[in-house]
Amino acid sequence: MTGRRTEEKAAELGRQSIGKIPDHCLSGSEAAFSGRRLLLVEDNIVNMEIARLLLTQAGFAVETAENGQAAVDMVSASEAGYYHAILMDIQMPVMDGYQATRTIRALDDPARAGIPILAMTADAFQEDQKAAFDAGMQGHIAKPVDLKQMMTALEQVLR
Amino acid sequence: MITLDALKQYGANTAEGLARCLNNEAFYLRMVGMALADKNFDKLKEAMDAGDARAAFSAAHALKGSIGNVSLTPIYEPVCELTELLRGKDAPVPGAEALAERIMAAREQALSL
């Protein structure tokens, strides 16, 4: 067995011991998610850990940032195409999710400026969703997390 | 040490909270402990004491996400009510104080499980 296959096997065993995404929450999307890299931007540790668990189990590689400024810095320093999508909390210290999204959208490099960004918020109001779209976000993931809704929103922007 | 049974008796929707943690009980219970230690409880109290409706909304809104994620219903319900009551408000709102007290009492009860 090669080193790489050993690593993959270990990762698979790790996923099994933690928990498994129920089949009804996936519609054949796990293959599409495998190896895709997400930037998860969230200042609340509970929300961060739960989202990280679910996304990792769905096959994503997950990196995290604790506020909008940190996210902007990570995206700016990344190679084009490194992040496939960003999950962005709205209410955060230092820089909120709207401002971070506008800043990323204004980056010079079109590949990085165009990364799909989904809002993660406890607000389901139309005006809040409009504010997210106006800032340049493509979709919305609810808090508390609804696993199926989260996977569907990701499928839509990663297709 | 908080247990699943104690949380159920307390009124938490443990089935929902566990499902959100992929039925990993140890992980769920760790998240419950972290959610109960959320600094936004203190921020909410400070904001209510200071009559700062915006800061109180901000803290309640943050708790809605974290407490909701672990399905601590007895705290989550008044947190949602308070969030909506304070949404877009700049001055103290009648009824907010009572909701904040319910939130703090429910948190204390959970911490004593």
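See the structure above.
My aim in this report is to walk through the structure given alongside it, one point at a time.

Summing up its helical and strand segments, chain B has seven helices and zero strands in all. Relative to its length of 113 residues, chain B is compact, with a C-alpha radius of gyration of 14 Å against a globular reference of 13 Å. When the backbone C-alpha atoms are referred to their principal axes, chain B occupies close to 40 × 25 × 20 Å. Classification of the 113 residues of chain B by burial places 52% in the buried group. Put simply, of all contacts in chain B between residues at least 6 apart along the chain, 61% involve residues at least 24 apart. Across chain B, 12 positive and 15 negative side-chain charges occur, with their mean positions spaced 5 Å apart.

This part covers the sheet that holds strand E1 (residues 37-41) of chain A. All names here are of chain A. As summarised here, the arrangement of the five strands in space is E2-E1-E3-E4-E5, forming an open sheet in which the pairing is parallel. In this open sheet, the two strands that pair with only one neighbour each are strand E2 (61-65) and strand E5 (139-142). Strand-to-strand twist across the sheet, computed as the mean angle between neighbouring axes with direction ignored, equals 25°.

With that out of the way, let us pick up the environment of A:Ala142. Residues and elements named next belong to chain A. Relative to the elements of secondary structure, Ala142 occurs in strand E5. The spatial distance from the C-alpha of Ala142 to the C-alpha of Ala122 is 5.9 Å, given a sequence separation of 20 residues. Those residues in contact with Ala142 that sit more than four places away from it in its chain are Thr121 and Gln149.

Here the focus is the interface of chain A and chain B. With 25 residues of chain A at the contact, the number on the chain B side is 21 residues. Each partner contributes to the roughly 1900 Å² buried at the junction of chain A and chain B, and carbon and sulfur atoms together form 59% of this total. Run the count over chain A and chain B and you get zero salt bridges. Scanning the region where chain A abuts chain B turns up seven residue pairs in polar contact (both at pLDDT 80 or more).

Time to look at the nonpolar core. Nonpolar side chains tend toward joint burial in soluble globular proteins. Membership of the largest hydrophobic core comes to 67 residues, with the highest contact counts inside it found for A:Leu55, A:Leu87, A:Met150, A:Leu154, B:Leu72 and B:Ile75. When residues no more than four places from it in sequence are discounted, the contact partners of A:Leu87 are A:Leu38, A:Leu39, A:Leu40, A:Val41, A:Leu55, A:Leu118, A:Met120, A:Ile141, A:Met150 and A:Leu154.

The tally for this structure, following the rule as stated, stands at 12 salt bridges over all chains. Taking the shortest distance from any N to any O, the salt bridge between A:Glu42 and A:Lys143 comes out at 3.1 Å. Here A:Glu42 is found in the loop between E1 and helix H3 (45-57), whereas its partner A:Lys143 is found in the loop between E5 and helix H8 (147-158), with 101 residues between them in sequence. The same class applies to A:Glu42 as to A:Lys143, namely buried. Note that B:Arg87 is salt-bridged to B:Glu84, the shortest N-O span being 2.8 Å. Looking at B:Arg87, the relative accessible area reads 19%, which means it is buried. A single salt-bridge network, built from bridges that share partners, covers A:Glu42, A:Asp89 and A:Lys143.

Attention now goes to the packing of helix H6 (residues 73-86) of chain B against helix H7 (residues 96-111) of chain B. To describe two helices that pack against each other, one gives the angle between their axes and the distance between the axes. All names here are of chain B. Orientation of H6 relative to H7, taken along the N-to-C sense of each, is 155°, at an axis distance of 9 Å. Overall, the two elements H6 and H7 adopt an arrangement that is roughly antiparallel. Pair H6 / H7 crosses with left-handed handedness. Listed contacts from H7 to Pro74, Ile75, Pro78, Val79, Glu81, Leu82, Leu85 and Leu86 of H6 are Ala96, Leu99, Ala100, Arg102, Ile103, Ala106 and Arg107. In terms of residue class, the contact of H6 with H7 is built from 12 nonpolar, no polar and three charged.

Another point: the packing of aromatic side chains. Residue and element names in this part refer to chain A. The tally for this structure, following the rule as stated, stands at two aromatic pairs over all chains. When the centroid spacing of 4.8 Å and the interplanar angle of 85° are considered together, the rings of Tyr82 and Tyr83 count as edge-to-face. According to the relative accessible area criterion, Tyr82 is partly exposed, its value standing at 29%. Classification of Tyr83 by relative accessible area gives buried; the value is 6%. Sitting over the face of the ring of Tyr82, Arg37 holds its NZ or CZ atom 3.8 Å from the ring centroid.

Conventions used here
- Residues numbered from 1 in each chain as written.
- Chains lettered and ligands numbered in written order.
- Predicted model: local features only at pLDDT ≥ 70, side-chain atom pairs only at ≥ 80, totals over all residues.
- Heavy atoms only, no water.
- Helix = DSSP H or I, 4+ residues; strand = E, 2+ residues; numbered from the N terminus.
- Rg over C-alpha atoms; globule rule 2.2 N^0.38 Å.
- Buried < 20%, exposed > 50% of the residue type's maximum accessible area, 1.4 Å probe, protein only.
- Contact = heavy atoms within 4.5 Å.
- Lys, Arg positive; Asp, Glu negative; His and termini not counted.
- Charge placed at Lys NZ, Arg CZ, Asp CG, Glu CD.
- Pairing = 2+ DSSP bridges.
- Axes fitted to C-alpha atoms, helices over the stretch in contact; angles between N-to-C directions.
- Buried area = accessible area lost by both parts, 1.4 Å probe.
- Salt bridge = Lys/Arg side-chain N within 4 Å of Asp/Glu carboxyl O.
- Polar contact = N/O pair within 3.5 Å; in protein donor to acceptor, adjacent residues only side chain to side chain.
- Core = buried A, V, L, I, M, F, W, Y, C linked by side-chain atoms within 4.5 Å.
- Parallel < 35°, antiparallel > 145°, perpendicular 65-115°, else oblique.
- Left-handed = near helix turned anticlockwise from the far one by under 90°.
- Nonpolar A, V, L, I, M, F, W, Y, C, P; charged D, E, K, R; others polar.
- Phe/Tyr/Trp six-rings, centres within 6.5 Å; stacked < 30°, edge-to-face > 60°.
- Lys NZ or Arg CZ within 6 Å of the ring centre and 35° of its normal.

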